[in-house]
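# Fold and geometry: a report
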There are 2 protein chains.
Amino acid sequence: MGNDISFDPNYVKGFVSQDELDEIFPEVQKAHDLLENKNGPGNEFLGWMDLPETIDEGLLREIEDTASDIKSKSDALICIGIGGSYLGTRAAIELLYPEFARQKVFFAGHNLSGEHLRELINELEDKDVCVNVISKSGTTTEPAIAFRIIEDFLIKKYGTDGAKDRIICTTDRKKGALKAMADKKGYKTFVIPDDIGGRYSVLTPVGLLPIACADINIRDLIKGAKSQRERSLECDLEKNMSYKYAAIRNILYRKGKRIEILSDFDYKMFFLGEWWRQLFAESEGKDSKGIFPTTCNLTTDLHSIGQLIQQGERNIFETFLVVKKEDTTYVVPESKDNLDKLNYLAGKDLDFINKRAYDATSEAHFEGGVPNTTIVMPERSAFCLGQLFYFLEKTVAISGYLSGVNPFDQPGVEAYKTKMFKLLGKPGY
Amino acid sequence: MGNDISFDPNYVKGFVSQDELDEIFPEVQKAHDLLENKNGPGNEFLGWMDLPETIDEGLLREIEDTASDIKSKSDALICIGIGGSYLGTRAAIELLYPEFARQKVFFAGHNLSGEHLRELINELEDKDVCVNVISKSGTTTEPAIAFRIIEDFLIKKYGTDGAKDRIICTTDRKKGALKAMADKKGYKTFVIPDDIGGRYSVLTPVGLLPIACADINIRDLIKGAKSQRERSLECDLEKNMSYKYAAIRNILYRKGKRIEILSDFDYKMFFLGEWWRQLFAESEGKDSKGIFPTTCNLTTDLHSIGQLIQQGERNIFETFLVVKKEDTTYVVPESKDNLDKLNYLAGKDLDFINKRAYDATSEAHFEGGVPNTTIVMPERSAFCLGQLFYFLEKTVAISGYLSGVNPFDQPGVEAYKTKMFKLLGKPGY
């Protein structure tokens, strides 16, 4: 379909051969079996796989109704969450929502900055506000602290009863501090399914509610994910783009390519890159292995780390993320005197030039020794984003199994927390 | 002095020994001689070295007067530039200027997004605007296109004469398209010195004018750089923190640490990290070598690539960037029912908790196999930022010489441009 995302391994020649793809295929088959038969490591967290086709119509309607209610009574939504309860939402909103739009979704609880909270609360002092706090446990330090402070702010502004109608908790079905708090105080709740880990949760209420508040069509998002699910069922490197991408990146990793750069050509994709970075780093970076995922925003970063990509240590591969449909807002105006010598571009729209920058960059980096592939989105839409989310989730699941790790756990994230709780005197540490 | 930045190699034990430091010292001495005697590769671009003490009082006054004039007649400054004509300015402003401040500095010309320009121009339609366009040549594609479009916007808004008083060009002293345009149209100009490359130019008018427009004291910035210059003259690993940092990173690189993560604990340091990334990548990433520089914003990214840093491939080292002075805006409020179990933090300010997160993270990452050092800023001030800019410039100059490259050129950035110009039909390509 012309409307589907696609994957082009256009510049891996000489780095990844058909023989190598054939050679890794039995491993891909094995990873596929582990995943589809649900008997691999982490198999208690596979709820994201069927989610796009099993998601409940009633739930979608409830999310949409809640979003309408939030929008009708507030100028701004504060979305409190961190990691998987933050990045996917922000990725969708920054990609699809106008940069300087008046009605805004703000984020809190994703750091420990008192200054950020102060400036946010100052900014929202005279506005009507709703809050969506997102935490499975309710005890994650950053969002829990932010929620205490922002809940106080709402209660001062609206009174206890008024605040009650403006706070929505997305949390565990039954247990945990946030669930208990919501029950006690009468806050509305949405459920984070037990079988979906944080970084795979963007298409649950975790992401869907705040995304809907930004006027993004969540049904299109789900439709996209559903179509991509169907497009990635078959264990075939040519027909299943997740499997092709997973195979290529593992072949490259085994040959010494340690760093993967996701390079987009659209500054609104910055947080999509951040979401990808968590998904890939947390799924694969363990057991002393894992490709190091990092991102570039082009052409901006061609004037920053472009030099290193072109001529630095050859331990890099690159994955471009481009949007096909052109934005024709601005064409380069003609100039009488042409002092800047840009008249050769007069009448061309910026996006056309941007796309030639992509063509040139992918070829130049390849020739410089950086193999690269490209993910193409036909357009920037909720449907394509849904496809992209699912494509990347499926890719990293297969890729993780290919490299012999459990792509669904994150045992290393406790190390600093344990030390921090001890330093802070948390009871029990 | 309690007011100076410092460098703590607190967690390199077992990764970098005193013997190794002694062993690399003769190379540091050689790099020092090349730099101070100005007879190393790239010695035509050493103007940044003495800049803090030679910068002209008249120039500073002219910058301040121009900034006052801009502020008096406009609600917003659009700053047009890319790479070294963009990142240092944005780093300073985002670090020291309130996030939601009303009078804003906006950026353009750092990408090829028509949508960004449209949204920016929509946002500024009803505001009074000045423009500072920054380009040595005036023909760099991104800023040149943005300037054509924004110049048109200003002329439509204010007429040719009105626009004339609102456009300031920072460019070459004599040659180039932007200089010719400014002369012909009567735009005010500031000079980018010939002997200072883009990524080392933040303390020239490139950065100083827009930074002054954001009410940041540029004399403090220069004072900081001057004091740091004096603190980094001696070739001594114990007394000269630039040399210590350069030595440690080269020792680690030679032992297989391919990736350096600059991890800050302040979301306002994001663009400082971006500036550092260009400075380090462009200075060292060449001749098929170079540490891969990347950044993390903590604690945000502990919930993203934290897992990989803790337990992934052990080819990483980390450089923390922390601010000592606490922001005591918010303390964690007491809660009667303590359902989120945070009362053990009640009365503690957020910054205190953030600092314990740093303590815990640096120790946990070290124990996990990631050697790390810390750059400490006593406070977030223009003076300390000036010190930091100069410290990092000096570090990378020495570090580049240590790894045998020319830290002042960027030959690889032309590769994609040549291809792009050909694809776009630029005359002569």
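About the cut-offs
- Along each chain, residues carry numbers from 1 onward, in the same order as the chain's sequence is written.
- To read the labels, note that chains go from A and ligands from 1, taken in the order they are written.
- For a predicted model such as this one, the threshold for reporting local features is a pLDDT of at least 70, and the threshold for listing and counting side-chain atom pairs is 80 or more; totals across whole chains, interfaces and linings nevertheless cover every residue.
- Calculation of side-chain values draws on the structure's entire complement of heavy atoms; hydrogens and water are dropped beforehand.
- Any pair of residues with heavy atoms lying within 4.5 Å of one another is described as a contacting pair.
- Once two parts are brought into contact, the accessible area they lose, counted with a 1.4 Å probe and summed over both, makes up the buried area.
- Within this document, salt bridges are pairs made up of a side-chain nitrogen of Lys or Arg and a carboxyl oxygen of Asp or Glu, the two lying within 4 Å of each other.
- Nitrogen and oxygen atoms within 3.5 Å of one another constitute a polar contact, given that in protein one can donate a hydrogen and the other can accept it, and given that sequence-neighbouring residues count only through two side-chain atoms.
- For helices the rule is a DSSP run of H or I covering at least 4 residues; for strands it is a run of E covering at least 2, with both sets numbered from the N terminus onward.
- In the scheme used here, Gly and all other residues not listed as nonpolar or charged are polar, with Ala, Val, Leu, Ile, Met, Phe, Trp, Tyr, Cys and Pro taken as nonpolar and Asp, Glu, Lys and Arg as charged.
- When the copies are superposed, the least-squares fit takes in the C-alpha atoms of residues with a pLDDT of at least 70 in both.
- Pairing between two strands is assigned when DSSP locates at least 2 bridges connecting them.
- To obtain an axis, a line is fitted to C-alpha atoms, over the contacting stretch when the element is a helix, and the angle between two such axes runs from 0 to 180 degrees between their N-to-C directions.
- An angle counts as roughly parallel when it lies under 35 degrees, as roughly antiparallel when it exceeds 145, as roughly perpendicular when it falls between 65 and 115, and as oblique in every other case.
- Crossing handedness is defined as follows: a turn of the near helix away from the far one that is anticlockwise and smaller than a right angle gives a left-handed crossing, while the clockwise case is right-handed.
- Relative accessibility thresholds used throughout: buried, under 20% of the residue-type maximum; exposed, over 50%; partly exposed, between the two (1.4 Å probe, protein chains only).

## Overview of the interface of chain A and chain B
Each side of the interface is counted separately: chain A has 122 residues, and chain B has 122 residues. For the pair chain A and chain B, the summed buried area comes to about 10,400 Å², and 62% of that belongs to carbon and sulfur atoms. Inspection of the region where chain A meets chain B yields 18 salt bridges. There are 51 residue pairs in polar contact (both at pLDDT 80 or more) connecting chain A and chain B. By residue number, the principal contributor to the side of chain A that touches chain B is helix H13 (residues 350-367) of chain A, which donates 13 residues. Here the side of chain A that touches chain B is composed, by residue class, of 53 nonpolar, 34 polar and 35 charged.

## Focus on the relation of the copies chain A and chain B
With an axial shift of 0.0 Å and an RMSD of 0.0 Å, the rotation relating chain A to chain B amounts to 180°. The relationship between the two copies is best expressed as a two-fold rotation axis. When C-alpha distances to the rotation axis are compared across chain A, the minimum falls at A:Thr294, with a value of 3.7 Å. Take the interface residues of chain A: 100% of them recur as interface residues in chain B, which is what a same-surface contact looks like.

## Observations regarding the sheet that holds strand S4 (residues 129-134) of chain B
Residue and element names in this part refer to chain B. If you trace the five strands from one edge of the open sheet to the other, you get S3-S2-S4-S5-S6, paired in parallel fashion. What marks the edges here is a single partner per strand, and that holds for strand S3 (104-108) and strand S6 (188-191). On average, each strand axis in the sheet is inclined to that of its neighbour by 20°, with strand direction left out of account. With five bridges joining them, strand S2 (residues 76-80) and S4 adopt parallel strand pairing. Residue Ala76 lies in a different strand from S4, and its bridge partner there is Val129. Running over the sheet, helix H7 (residues 177-185) touches S4, strand S5 (167-171) and S6 and is turned about 145° from S5. Against the sheet, helix H8 (residues 205-213) contacts S2, S3, S4, S5 and S6, and its axis sits at roughly 160° relative to S4.

## Things to note about the packing of helix H2 (residues 47-54) of chain A against helix H14 (residues 382-402) of chain A
All names here are of chain A. Interhelical geometry of H2 versus H14 gives an angle of 155° and a closest axis separation of 10 Å. Classified by the angle their axes make, H2 and H14 are roughly antiparallel. Seen along the crossing, H2 lies across H14 with a hand that is left-handed. Seen from H2, the contacting residues are Trp48, Met49 and Pro52; seen from H14, they are Tyr390, Glu393, Lys394 and Ala397.

## Comments concerning the environment of A:Thr374
Residues and elements named next belong to chain A. With respect to the secondary-structure elements, Thr374 resides in strand S10 (residues 372-377). The residues touching Thr374, leaving out its near neighbours within four places in the chain, are Ser6, Phe7, Asp8, Asn10, Phe320, Val322 and Tyr358. Separated by 2.7 Å, the side chains of Thr374 and Tyr358 make a polar contact.

## Here's the deal with the pairing of S3(B)
Taken residue by residue, a regular strand's side chains alternate between the two faces of the sheet. Residues and elements named next belong to chain B. Within S3, four of the five residues are buried, leaving the element largely enclosed by the surrounding structure. Here five bridges tie S2 to S3, and the two strands are oriented parallel to one another. Following the sheet pairing, Leu77 is matched in S3 by Val105.

## Some details on the packing of helix H4 (residues 87-96) of chain A against H14(A)
Residue and element names in this part refer to chain A. Remark: H4 packs on H14, axes separated minimally by 11 Å, with the N-to-C direction vectors making an angle of 145°. In this structure, H4 crosses over H14, and the sense of that crossing is right-handed. Contact residues: Gly88, Ala92, Leu95 and Leu96 in H4; Ala382, Leu385 and Phe389 in H14. Class assignment for the residues of the contact of H4 with H14 results in six nonpolar, one polar and no charged.

## Brief notes about the pattern of salt bridges
This model, assessed by the stated rule, comprises 88 salt bridges over all chains. B:Lys268 serves as the salt-bridge partner of A:Glu119, at 2.8 Å between the closest nitrogen and oxygen. With one member in each of two chains, A:Glu119 in helix H5 (residues 114-124) and B:Lys268 in the loop between strand S7 (259-264) and helix H11 (270-284) form a pair that bridges those chains. The pair A:Glu119 / B:Lys268 is uniform in exposure class, with both members buried. Each of A:Glu115, A:Arg118, A:Glu119, B:Asp266, B:Lys268 and B:Arg380 takes part in a single network of salt bridges with overlapping partners.

## What to know about the sheet that holds strand S9 (residues 316-323) of chain B
Residue and element names in this part refer to chain B. Read across the open sheet, the five strands follow the order S1-S10-S9-S7-S8; overall the sheet is mixed. Where the open sheet ends on each side, the last strands, each with one partner, are strand S1 (6-11) and strand S8 (292-297). Averaged over all adjacent pairs, the angle separating strand axes in this sheet is 25°, with direction ignored. Pairing between S9 and strand S10 (residues 372-377): six bridges, direction parallel. The partner of Leu321 across the bridge, within S10, is Ile375. Against the sheet, helix H13 (residues 350-367) engages S1, S9 and S10, with an angle of about 165° to S9.

## Looking at unusual backbone geometry
As a rule of thumb, non-glycine residues mostly have phi less than zero, and peptide bonds are mostly trans rather than cis. Backbone torsion omega between A:Leu298 and A:Thr299 reads 0°, so that peptide bond is classified as cis. Within the secondary structure layout, A:Thr299 lies in the loop between strand S8 (292-297) and helix H12 (306-311). Within the chain, B:Asn338 stands out as a residue other than glycine whose phi angle is a positive 55°. Positionally, B:Asn338 belongs in the loop between S9 and H13.

## Some details on the side chain of A:Thr66
Residue and element names in this part refer to chain A. Secondary-structure assignment places Thr66 in helix H3 (residues 57-73). Judged by its relative accessible area of 7%, Thr66 falls in the buried class. Apart from the residues lying within four places of it in its own chain, the contact partners of Thr66 are Ile168, Lys188, Phe190 and Leu209.

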